[in-house]
Amino acid sequence: MKFRKKSLLALALACVMAFSLLAGCGGNNSNTGNNASTGNQGGDADTGDSGEKVVVMAQSADTNTMDPHRASGDIGANIYRNICERLTTFDNDDKLIPLLAKSWEQVSDTEWLFYLEEGISFTNGEPFNAEAVIYNLDRAASTEYPRQSFEYTQYYDHCEAVDEYTVKIVLNSPDPLLPEHICDIGMLAPEHSAEIGEEANSYDICGTGPYILESWEADQQVTLVANKDYWRGEPQVDKYIIKTIPEAATRVAELLAGNVDIIYDVNFEDVPMLESQNTVHIDQDVTRRVCYIAFNTLDWSPAPELQDARVRQAMNYAVDVDAIVESIMGGFATPTATWYRSDFPNYDPSIEGFEYNPEKAKELLAEAGYPDGFSIKCQVSDGLMAKSLEVAQAVASYLEEVGIHMEVVPVEYSAIRNILINGQDSQKAEGTFLWSWASKPSLVESWLTGIVHSTGMTSYNAIPGYDELVDEILATTDLEEKAPLYEEFQRKLVEDPPYLYLFRQHSIYGISNRLNWSPNDYQYMLAYEMSVN
């Protein structure tokens with residue numbers, strides 16, 4: 001076989017009353033756990049009671065928002081990408097291609113024209129046009145509310161409508177990669193979005209995409225129904241259900257029982273058993289997501305020891321990442337020198353990072369004044385990836401050998417996101433936390449602005465020099481002038497590490513043989529690309 005939930009508890013409870021939505025934007029959302037409307041009560045995910053084609057995907061946690069402009073990770077993106085489309089996107093060959101924008105051109109150093117597809121409507125009947133693009137780009141770049149770390153926002157000044165289907169994007173400084181930088185901006189129906197308000201956009205979204213939100217039963221399942229008038233053609237799957245099943249073993253059992261068609265982040269130990277079945281198959285994808293343990297070096301950090309670069313270096317030397325990849329991940333991960341991927345600009349393969357050297361770790365700890373080590377805590381969520389807890393525990397075991405006692409603190413997926421994402425002022429982060437980040441090919445800016453710069457949404461990095469270097473990289477528009485800055489940045493990641501580096505994640509999928517679909521490099525779970533036999 002080829003391998004390839006600010007908390008929304010109150011909102012979820014309010015869903016029973018609040019989900020009388022505009023036609024075409026949502027359905028009978030509830031928090032009752034009653035899934036009678038799904039047409040998927042039995043052991044066959046193929047068809048509902050009316051013979052409709054139904055596909056069921058299971059993931060480990062529920063999203064805390066469906067708003068495409070707020071941070072939700074892959075858990076939320078697996079939902080909203082089916083509802084809200086983007087201007088541009090990437091194909092499987094890493095080529096940028098049109099979607100809602102049929103073409104574009106740069107007309108000056110700081111001006112771009114985007115020519116939009118015509119005759120497209122949002123599923124509530126609102127037209128998709130230049131004004132819709134202006135609303136969404138302005139909203140996604142707003143600093144009034146928490147937003148994802150979109151690359152374009154550092155360059156963005158404003159948008160203008162040239163005509164109904166032409167948008168001029170005006171920048172405050174040149175951005176030669178603007179079409180790539182806006183490829184994750186999902187388009188919301190502007191009138192609907194503005195009318196219901198910021199918080200309601202977390203659970204009531206309306207797009208131009210191939211699917212419409214029918215219901216969201218918190219911590220149970222989300223149900224999407226096909227947009228029969230979709231502009232690229234009617235979807236082959238009538239209903240797409242995303243179930244929340246926290247336990248990995250239960251997800252596997254549901255796949256084998258025929259109640260689920262797709263599971264991902266399969267534990268490698270389950271691969272041989274799944275491969276032996278004649279109703280399912282395994283696929284694997286080397287993702288663009290890199291996992292690491294972040295060091296909290298803010299001035300209020302509960303781990304002041306981390307202010308010393310020698311301590312952070314020692315922690316990297318103390319951990320045998322290769323062994324963790326082999327023994328815990330089963331080889332389904334790729335160790336990394338840092339998080340700086342090989343597809344990023346001016347990648348330097350000569351930077352080898354940290355080899356496993358516990359004696360070197362002890363020497364550095366002694367030099368830093370901690371010959372007997374110290375204690376620290378690490379927050380981790382099992383919903384982050386397969387084997388998250390086991391990986392953190394293994395790291396803790398290695399650190400114990402050099403005198404550092406790391407207590408692993410399990411946190412529920414939505415809770416850890418609420419703690420860490422834009423949570424610096426609440427001061428609930430521990431000294432370390434296991435996290436991951438991803439981006440499209442060659443786009444390193446979201447890493448710089450999201451996890452490195454001290455203002456980043458999940459940055460707890462206050463190590464001197466990083467903000468200045470990142471600011472200089474972002475302010476430099478000439479690619480040749482950027483090159484030495486990128487090289488300096490890569491060296492600094494090793495000399496003064498803000499993270500304990502782990503690996504690039506592989507994702508293992510279990511897929512029903514009745515489903516025609518394969519994963520892509522971007523971990524996009526798009527029902528429009530699926531069909532059933």
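Residues numbered from 1 in each chain as written. Predicted model: local features only at pLDDT ≥ 70, side-chain atom pairs only at ≥ 80, totals over all residues. Heavy atoms only, no water.

Caption draft 1: Highlighting the nonpolar core. Counting residues in hydrophobic clusters, the biggest one holds 112 residues, and the most contacted among them are F128, I169, W339, F489 and F503. At 7 residues, helix α11 (residues 388-401) tops the list of elements feeding residues into this core. Those residues in contact with W339 that lie beyond four places of it in its chain are V290, F344, V444, W447, L448, I451, V452, F489, L493, Y499 and Y501. (Core = buried A, V, L, I, M, F, W, Y, C linked by side-chain atoms within 4.5 Å. Buried < 20%, exposed > 50% of the residue type's maximum accessible area, 1.4 Å probe, protein only. Helix = DSSP H or I, 4+ residues; strand = E, 2+ residues; numbered from the N terminus. Contact = heavy atoms within 4.5 Å.)

Caption draft 2: Structural detail: the confidence of the model for the protein. Taken as a whole, the protein shows an average pLDDT of 90; of its residues, 90% reach a score of 70 or greater. Throughout residues 1-23 the model reports pLDDT below 50, and contacts reaching past four residues in sequence, or to other chains, amount to 56 contacts. The model gives residues 28-43 a pLDDT under 50, and that stretch makes 45 contacts with residues more than four places away or in other chains. (pLDDT = per-residue confidence, 0-100.)

Caption draft 3: Summary view of the packing of helix α14 (residues 466-475) against helix α15 (residues 479-495). Where α14 meets α15, the closest approach of the two axes is 10 Å, and the angle between their N-to-C directions is 155°. Our classification of the angle between α14 and α15 gives roughly antiparallel. Taken as a pair, α14 and α15 cross one another with a handedness that is left-handed. When α14 is examined against α15, the residues Y466, L469, V470, E472, I473 and L474 are found in contact with a partner set consisting of K482, L485, Y486, E488, F489, K492 and L493. Looking at the contact of α14 with α15 residue by residue, the class counts come to 9 nonpolar, no polar and 4 charged. (Axes fitted to C-alpha atoms, helices over the stretch in contact; angles between N-to-C directions. Parallel < 35°, antiparallel > 145°, perpendicular 65-115°, else oblique. Left-handed = near helix turned anticlockwise from the far one by under 90°. Nonpolar A, V, L, I, M, F, W, Y, C, P; charged D, E, K, R; others polar.)

Caption draft 4: Highlighting the environment of A333. Relative to the helices and strands, A333 resides in strand β13 (residues 333-335). Excluding residues within four positions of it along the chain, A333 makes contact with V325, F503, R504 and H506.

Caption draft 5: Quick peek at the sheet that holds strand β5 (residues 111-116). Strands sit in the order β4-β5-β7-β6 across an open sheet of 4 strands; the sheet is antiparallel. What marks the edges here is a single partner per strand, and that holds for β4 (101-108) and β6 (156-163). Adjacent strand axes in the sheet meet at a mean angle of 20°, parallel and antiparallel pairs treated alike. As judged from the 6 bridges shared by β4 and β5, these two strands associate in the antiparallel manner. Opposite S108, over in β5, you have E111 as the bridge partner. Against the sheet, helix α3 (residues 130-141) engages β5, β6 and β7 (166-171), with an angle of about 175° to β6. (Pairing = 2+ DSSP bridges.)

Caption draft 6: Region of the structure containing the packing of helix α13 (residues 445-452) against α14. Interhelical geometry of α13 versus α14 gives an angle of 150° and a closest axis separation of 11 Å. If you check the angle between α13 and α14, you find them roughly antiparallel. In this structure, α13 crosses over α14, and the sense of that crossing is left-handed. On the side of α13, the interface is formed by E445, L448, T449 and V452, while α14 contributes Y466, D467, V470, I473 and L474.

Caption draft 7: View of the packing of aromatic side chains. Scanning all chains against the criterion turns up 27 aromatic pairs. Geometrically, the ring pair formed by Y292 and Y499 is edge-to-face, given 5.0 Å between the ring centres and 65° between the ring planes. Within this pair, whereas Y292 is found in strand β12 (residues 280-295), its partner Y499 is found in strand β17 (residues 499-512), the two being separated by 207 residues in sequence. Ring geometry for Y340 versus F489: centroids 6.3 Å apart, planes at 55°, classification tilted. Taken together, the positions of Y340 in the loop between β13 and α10 (358-367) and F489 in helix α15 put the pair 149 residues apart, joining distant regions of the chain. In this structure Y340 comes out as buried when scored by relative accessible area, which is 4%. (Phe/Tyr/Trp six-rings, centres within 6.5 Å; stacked < 30°, edge-to-face > 60°.)

Caption draft 8: Seen up close, the state of the cysteines. Counted under the stated rule, the structure contains 0 disulfides. Take C159: it sits in no disulfide, and the sulfur closest to it among the cysteines is that of C183, at 16 Å. In this structure C378 is a free cysteine whose sulfur lies 12 Å from that of C291, the closest cysteine sulfur available. (Disulfide = S-S within 2.5 Å.)

Caption draft 9: A look at unusual backbone geometry. Its identity as a non-glycine residue notwithstanding, D265 has a phi of 55°, on the positive side. Within the secondary structure, D265 is located in the loop between β11 (262-264) and α7 (271-275). Phi is positive for N346, close to 55°, though the residue is something other than glycine. Along the chain, the position of N346 falls in the loop between β13 and α10.

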